[in-house]
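# Tertiary structure, described
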Amino acid sequence: MAANKQQFLTLPNELHSLSDAGFEVDRIHVKRNSAVAQLYEDAVMKEGAVISSNGALINFSGKKTGRSPRDKRIVFEETSMDDIWWGPVNIRMPEHVFEINRERAIDYLNTREDVYVVDAFAGWDPKYRIKVRVICARAYHALFMQNMLIRPTKEELDNWGEPDFTIYNAGQFPANRFTAGMTSATSVEINFKRMEMVILGTEYAGEMKKGIFSVMHYLQPVKFGQLSLHSSANEGEKGDVTLFFGLSGTGKTTLSADPHRKLIGDDEHVWADNGVFNIEGGCYAKTIGLSKEKEPEIYNAIKFGSVLENVVYDSRTREPNYEDVMITENTRCAYPIEFIENAKIPCLSRNQPSNIIMLTCDAYGVLPPVSKLTEEQAQYHFIAGYTSKTPGTEDGVLEPSPTFSTCYGQPFIVLHPGRYAKMLAERMKKANTNCWLINTGWVGGKFGVGKRCPLKYTRAIINAIHDGSLSKSNFETFPVFNLQIPTSLKDVPPELLNPSKAWSDKAALDNEIKKLGGLFKEAFSKYEQGLSEAVINAGPHV
């Protein structure tokens, strides 16, 4: 007890507010921004973690191995209620229920011997960044967030003051599912008036990362007037910036990792008045099927200081097995962005984006390998957020499965999609930014008939975008979707560029065009309220 009392007496001023929040700081041991080695030791001794042969920490998130979007809640309160896009993505929670869960989380954390505090930034631009405080009971969670947020200097930490946003992570302890508004023992909730987040009933670390992203998706447009985006970004030698949008499996990570360009970030950005900046200080990469040959940047970033999450390992050699899905297919690694060799530090650019690339993996084989979008089409496809999953993932699934995730990140958006899309169009117009739709999926036929567009051709398209030659090409119109497609392009077979020429069965193509166009119209209809006729009509005409 004496040692813990001493810990309280020497707490920096920045942490005295913990007692005001209900923490028994005279009893618990508060560890703030701990050294990586200390977090390794605690995780190994107290949480069953192991140190892998490559030096990374392997730990496990328990029963939940992915996000729980159905358990996400936004507190319904007067300061934000008129801005929130209420519905199945942003489910309302009464303020008094949040207070109950907040108290439950703090009560649980007060039972722990060690409580970890991480103070760090979200956003690389000092003008728009926020100070985040994470309070948790697992060393693995603390190390994860020290990797994923932007680490302050010693001087910044010594003069921290009060945080702008606080996460109470009591994920080991369940929510009371009989509390009004609770549907399960898991609850992930954000209160924009209190600027707080409470996590109960899930130890999956990604909830904290995406919770911060949801907060920035609200704060940046509403409070700062800046555009938050679920995208990767890189910068060329001449300072030209490209934003990449794309859902899982479209190639966003692969294509934005370019040896000839600096990586600003791989997942979350803000397009600000004065340039583009990364929200995060690290990367959270999928490791399923990872190999040094296919993704050397990620493979080499997994070392001391990285966190491997739910990865199976050899109990004798401690070598990670990236092929084993016994625990989950959603195996991950969190590491500081400076572990990527060609990362741009600080992770920002003072230049406006020259190009936007929207990636889709179209298993119907309908969309051309590359199309130039108008301002209205850019808004339409941004709101639609289309890709498709291929057959074979489940027994009896014989047709491609369309996926529409608005703004290329539906689970994380807070405002109506049209609001983000309008800001996107305004910034594109002001910066004279080109927008391209690239299909990394099937060409010459749908899944089972055609083939996946070879990566070398997609890379040739990306290179032509970056060197400016694609924008100078001659274009023709692809019907129904009314897309402008180049007639020729260096290092890409001309017949591949136009589905009408790539498909041998023209009647089958027409059928698939109408089918996909109908799927677009059906999916888009739920977002049409408040949109202009020009944007609504920028989609396929079936």
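These numbers were taken from a predicted model, which means no experiment stands behind them.

Below, the discussion takes up the overall build of the protein chain. Secondary structure assignment for the protein chain yields 16 helices and 31 strands. The C-alpha radius of gyration computed for the protein chain amounts to 24 Å, which stays within 12% of the reference 24 Å derived for 542 residues, consistent with globular compactness. C-alpha atoms of the protein chain, sized along the principal axes, occupy 80 × 55 × 50 Å. Looking at the 542 residues of the protein chain, the share that counts as buried comes to 58%. Long-range contacts, defined here as pairs at least 24 residues apart, represent 72% of the contacts in the protein chain between residues at least 6 apart. Summed over all atoms, the accessible surface of the protein chain reaches about 22000 Å², with 50% contributed by carbon and sulfur. Taken together, the 61 basic and 66 acidic charged side chains of the protein chain have centroids lying 2 Å from each other.

To continue, consider the sheet that holds strand β22 (residues 348-349). A sheet is described by the order of its strands in space; here four strands give the open sequence β11-β15-β16-β22, paired in antiparallel fashion. In this open sheet, the two strands that pair with only one neighbour each are β11 (227-230) and β22. The pairing of strand β16 (residues 275-278) with β22 spans two bridges and is antiparallel. By the bridge assignment, Phe-277 is partnered in β22 with Leu-348. Seen against the sheet, helix α7 (residues 206-224) touches β11, β15 (268-272) and β16 and runs at an angle of roughly 150° to β11.

In total, this model carries four cavities of 30 Å³ or more according to the counting rule given. Each pocket or cavity is described by its volume, and for the largest cavity that value is around 120 Å³. Put simply, the parts of the chain that give the lining of the largest cavity at least two residues each are β9 (187-191) and α7. In terms of residues, the lining of the largest cavity owes the most to one element, α7, which gives four residues. The residue makeup of the lining of the largest cavity, split by class, is six nonpolar, three polar and four charged. Its boundaries defined by the atoms lining it, the second largest cavity holds a volume of some 50 Å³. Lining the second largest cavity are Ala-122, Met-145, Met-148, Leu-149, Lys-209, Ile-212, Glu-268, Ile-279 and Glu-280. Classifying every residue of the lining of the second largest cavity gives six nonpolar, no polar and three charged.

Turning next to the domain arrangement of the protein chain. Interfaces are often sized by the amount of accessible area the parts lose when they come together. When cut into domains, the protein chain gives domain 1 (12-224 + 283-338) and domain 2 (353-537). The interface is formed by 15 residues belonging to domain 1 together with 13 residues belonging to domain 2. Taken together, the two surfaces of domain 1 and domain 2 that pack against each other cover about 1300 Å², and 67% of this comes from carbon and sulfur. Of all residues in domain 1, the largest losses of buried area upon contact with domain 2 belong to Trp-85, His-217 and Pro-221, amounting jointly to 44% of the total for that side. Where domain 1 meets domain 2, there are one salt bridge. Ionic pairing is found between Arg-419 and Asp-83, a salt bridge with its closest N-O pair at 2.9 Å.

A word on the environment of His-230. On the secondary structure map, His-230 appears in strand β11. The exposure class assigned to His-230 is buried, which follows from its relative accessible area of 11%. Residues His-230 and Pro-88, spaced 142 residues apart in sequence, show a C-alpha to C-alpha distance of 19 Å. Each residue touching His-230, except ones within four places of it in the same chain, is listed here: Lys-210, Phe-213, Phe-245, Asp-267, Cys-407, Tyr-408, Gly-409 and Phe-412. A polar side-chain atom of His-230 sits 3.5 Å from a polar atom in the side chain of Lys-210. Looking at His-230, its side chain comes within polar contact range of the side chain of Asp-267, at 3.0 Å.

In summary, soluble globular proteins display a tendency toward joint burial of nonpolar side chains. Met-358 and Phe-382 are the most contacted members of the largest nonpolar core, which totals 128 residues. Domain assignment of the residues forming this core places at least three in each of domain 1 (12-224 + 283-338) and domain 2 (353-537). Among the nonpolar cores identified, the runner-up in size contains 25 residues, and Ala-21, Ile-28, Met-93 and Val-198 belong to it.

An ideal rise of 1.5 Å per residue puts 18 Å on 13 residues; helix α12 (residues 455-467) measures up with 18 Å between its terminal C-alpha atoms. For α12, the set of buried residues is Tyr-457, Thr-458, Ala-460, Ile-461, Ile-462, Ala-464, Ile-465 and His-466. Note on α12: the residue one or two positions beyond its end, Gly-468, has a positive phi of about 90°.

Now for the side chain of Ser-187. Along the chain, Ser-187 falls in strand β9. Beyond its immediate stretch of four places on either side in the chain, Ser-187 contacts Asp-71, Met-93, Asn-101, Ala-175, Met-182, Val-198, Ile-199 and Leu-200.

Conventions used here
- Here the residue numbers are simple positions, counted from 1 along each chain's written sequence.
- In keeping with the model being predicted, local features are shown solely for residues with a pLDDT of at least 70 and side-chain atom pairs are shown and tallied solely at 80 or more, while totals for entire chains, interfaces and linings include all residues.
- Side-chain metrics in this entry use all non-hydrogen atoms of the structure; hydrogen atoms and water are not considered.
- Secondary structure elements follow DSSP: runs of H or I no shorter than four residues count as helices, runs of E no shorter than two count as strands, and numbering proceeds from the N terminus.
- The reference for a compact globule is 2.2 Å times residues^0.38; the radius of gyration itself is calculated from the C-alpha atoms.
- For every residue, the accessible area obtained with a 1.4 Å probe (protein chains only) is divided by the maximum for its type, and the residue is called buried under 20%, exposed over 50%, and partly exposed between those limits.
- Between two residues, a contact is recorded if the distance between any of their heavy atoms is within 4.5 Å.
- Working definition of accessibility: Shrake-Rupley area with a 1.4 Å probe, residue cover restricted to the visible protein chains.
- In this count, Lys and Arg are taken as positive residues and Asp and Glu as negative ones, while His and the chain termini are left out.
- For charged residues, the charge sits on one atom: NZ in Lys, CZ in Arg, CG in Asp, CD in Glu.
- Any two strands with at least two DSSP bridges between them are considered paired.
- The axes used here are C-alpha line fits, helices contributing only the stretch in contact, and every angle between their N-to-C directions lies in the interval 0 to 180 degrees.
- Definitions used for this entry: grid spacing 1 Å over protein atoms alone; cavity, a set of points where a 1.4 Å probe fits but cannot get out; pocket, an open set with protein on both sides within 12 Å along at least 5 of 7 lines; lining residue, one with an atom within 4 Å of a point.
- Grid points are joined across faces, edges and corners, and a volume is the space filled by probe spheres set on the points.
- Here the nonpolar group is Ala, Val, Leu, Ile, Met, Phe, Trp, Tyr, Cys and Pro; Asp, Glu, Lys and Arg are the charged ones; every other residue, Gly included, is treated as polar.
- What marks off one domain from the next here is an automatic or database domain assignment.
- Throughout, buried area stands for the accessible area (probe radius 1.4 Å) lost by two parts on being put together, summed over both.
- Note on definitions: salt bridges are taken to be side-chain nitrogens of Lys or Arg within 4 Å of carboxyl oxygens of Asp or Glu.
- Contacts described as polar in this section are N or O atom pairs within 3.5 Å, which, within protein, must combine one atom able to donate a hydrogen with one able to accept it, while residues neighboring in sequence count only if both atoms come from side chains.
- Nonpolar cores are built from buried Ala, Val, Leu, Ile, Met, Phe, Trp, Tyr and Cys residues. Side-chain atoms within 4.5 Å join them into one set.
- To estimate how far a helix should reach, multiply one less than its number of residues by 1.5 Å.

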